[in-house]
Amino acid sequence: MMLIENLAIQPGYALSGLLVGLLVGMTGVGGGSLMTPLLVLVFGMHPSVAVGTDLLFASVTKAAGTSIHSAGKTINWTIVARLATGSVPATILTLLALAHFGAANKTVTHLISLTLGIALLLSAISLLLKDWIIARASKRWPESGRESPAWRTILVGFLVGALVSLSSVGAGALGTIALIYLYPRLPLVRIIGSDIAHAVPLTLLAGLGHWYLGTVDFALLGSLLLGSIPGIITGSYAARYTPDAVMKPCLGLILAFTGIKLLVR
């Protein structure tokens with residue numbers, strides 16, 4: 001009976017998954033940026049459990065996005081490999097550090113909340129200034145081609161891997177903005193596709209590491225996915241009719257407010 005209760009679908013979590021899924025489908029970002037703080041601030045979850053569960057949540061949802069981008073040939077697998085070269089060892093090192101100090105340690109919990117808050121603010125800024133960043137990158141490197149020194153992409157992967165492992169935030173907005181700077185001549189759809197593809201193994205590896213540490217709630221994960229899958233499908237259709245100029249600023253302001261809330265709580 002207890003097992004059945006533990007596996008029961010929680011409407012509040014399913015609704016949260018639905019809303020976040022809608023936003024991800026409509027804007028392309030917002031999964032880790034919104035779900036983790038929502039679990040911490042609204043549902044009062046321990047930051048470590050919120051991060052661990054959200055990482056596996058992100059890996060499943062972005063796997064679907066990767067299959068679509070792969071079918072449309074909008075993934076640059078060279079970029080994905082470079083990012084993974086940096087993010088995989090960074091993820092392993094971060095998880096080993098969490099295992100050593102203890103994910104439930106007060107200092108670690110404070111570090112996760114602090115990292116999450118800062119990551120949200122950076123995500124908000126990058127999202128709100130995306131068009132300006134694209135224009136500036138194109139102006140600064142007008143003759144640049146589609147290639148960038150491999151070590152820069154690997155370094156970005158390392159930083160994103162560490163950040164995502166700690167806070168579950170960064171693979172979307174921050175990763176995309178970094179790739180725009182590194183590959184300003186590459187079509188945006190291929191940058192987005194490459195970033196989504198890289199996020200799948202990254203969040204899966206980090207999520208499995210958190211599962212090993214005991215900071216994943218699978219009953220919660222099931223409820224979130226029950227809502228997010230139809231949410232993503234609906235959001236993808238709604239994106240055709242919702243102006244980007246409306247959704248991006250709204251999401252950016254939400255991320256900024258949430259980040260500040262986490263930093264001052």
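## Describing the overall build of the protein chain
Looking only at helices and strands, the protein chain has 12 helices and zero strands in total. Shown N-terminal to C-terminal, the secondary structure of the protein chain runs as helices and strands in the order α-α-α-α-α-α-α-α-α-α-α-α. The buried share among the 265 residues of the protein chain stands at 50%. Contacts in the protein chain between residues at least 24 apart in sequence constitute 85% of all its contacts with a sequence separation of at least 6. When the accessible surface of the protein chain is split by element, carbon and sulfur atoms take 71% of a total near 12700 Å².

## Focus on helix H10 (residues 188-212)
Counted at 1.5 Å a residue, the expected span for H10 with its 25 residues is 36 Å, and the 36 Å between its end C-alpha atoms agrees. In H10, a bend of some 25 degrees at Ala199 exceeds every other bend along the element, and Pro201, a proline, comes one to four places later.

## Here's the deal with the environment of Ala64
In this structure, Ala64 sits in helix H4 (residues 47-71). In sequence terms Ala64 and Ile229 are 165 residues apart; their C-alpha atoms lie 9.3 Å from each other.

## As for helix H8 (residues 150-167)
Relative to the 26 Å expected for 18 residues at 1.5 Å per residue, H8 spans 26 Å between its end C-alpha atoms, a close match to the ideal helical length. Positive phi shows up at Ser168, right after H8, with a value of about 70 degrees.

## Regarding the environment of Trp211
Examined against the element boundaries, Trp211 turns out to sit in helix H10. When the C-alpha atoms of Trp211 and Thr53 are compared, they prove to be 8.2 Å apart, with 158 residues separating the residues in sequence. Among all residues touching Trp211, those that are not within four sequence positions of it are Val216 and Phe218.

## Quick look at the packing of H8 against H10
Where H8 meets H10, the axes come as close as 10 Å, and the angle between the chain directions of the two elements is 40 degrees. Between H8 and H10, the angle falls in the class oblique. For the pair H8 and H10, the sense of crossing is right-handed. Here H8 contributes Val160, Gly161, Val164 and Ser165 to the contact with H10, which in turn contributes Leu202, Thr203, Ala206 and His210. For the contact of H8 with H10, the class distribution of residues is four nonpolar, four polar and no charged.

## Considerations on the confidence of the model for the protein chain
For the protein chain, the mean per-residue pLDDT works out to 79, and 83% of the residues sit at or above 70. At the level of individual helices and strands, the protein chain shows its lowest average pLDDT in helix H1 (residues 2-7), which scores 42, and its highest in helix H5 (residues 77-101), which scores 91.

## Observations regarding a nonpolar patch on the surface
A contiguous nonpolar patch, built from Leu114, Ile118, Leu122, Ile125, Leu128, Leu129, Trp132, Leu253, Ile260, Leu263 and Val264 and spanning about 1000 Å² of accessible area, is present on the exposed surface. Secondary-structure elements contributing two or more residues to the nonpolar patch are helix H6 (106-128) and helix H12 (244-264). At five residues, H6 tops the list of elements feeding residues into the nonpolar patch. As for its placement among the helices and strands, Ile118 is situated in helix H6. A relative accessible area of 41% means that Ile118 is categorised as partly exposed.

## Considerations on the side chain of Thr36
Mapped onto the elements of the fold, Thr36 is located in helix H3 (residues 31-41). What makes Thr36 buried here is its relative accessible area of 1%. A polar contact is formed between the side chain of Thr36 and the side chain of Asp54, at a distance of 2.9 Å.

## Section: the packing of H4 against H10
Packed helices, taken two at a time, are described by their axes: the angle between them and the distance between them. H10 packs onto H4 with a crossing angle of 140 degrees between their chain directions and a minimal axis gap of 7 Å. Taken together, the axes of H4 and H10 are oblique relative to one another. Considering the relative orientation of H4 and H10, their crossing is left-handed. When its residues are assigned to classes, the contact of H4 with H10 shows 14 nonpolar, 10 polar and one charged.

What counts as what
Residues numbered from 1 in each chain as written. Predicted model: local features only at pLDDT ≥ 70, side-chain atom pairs only at ≥ 80, totals over all residues. Heavy atoms only, no water. Helix = DSSP H or I, 4+ residues; strand = E, 2+ residues; numbered from the N terminus. Buried < 20%, exposed > 50% of the residue type's maximum accessible area, 1.4 Å probe, protein only. Contact = heavy atoms within 4.5 Å. Areas by Shrake-Rupley, 256 points an atom, 1.4 Å probe, with all protein chains shown as cover. Expected span 1.5 Å × (residues − 1). Bend = angle between axes of the 7 residues up to and from the residue. Axes fitted to C-alpha atoms, helices over the stretch in contact; angles between N-to-C directions. Parallel < 35°, antiparallel > 145°, perpendicular 65-115°, else oblique. Left-handed = near helix turned anticlockwise from the far one by under 90°. Nonpolar A, V, L, I, M, F, W, Y, C, P; charged D, E, K, R; others polar. pLDDT = per-residue confidence, 0-100. Patch = residues over 30% accessible without salt bridge, like charges linked within 9 Å, V, L, I, M, F, W, Y side chains within 5 Å. Salt bridge = Lys/Arg side-chain N within 4 Å of Asp/Glu carboxyl O. Polar contact = N/O pair within 3.5 Å; in protein donor to acceptor, adjacent residues only side chain to side chain.

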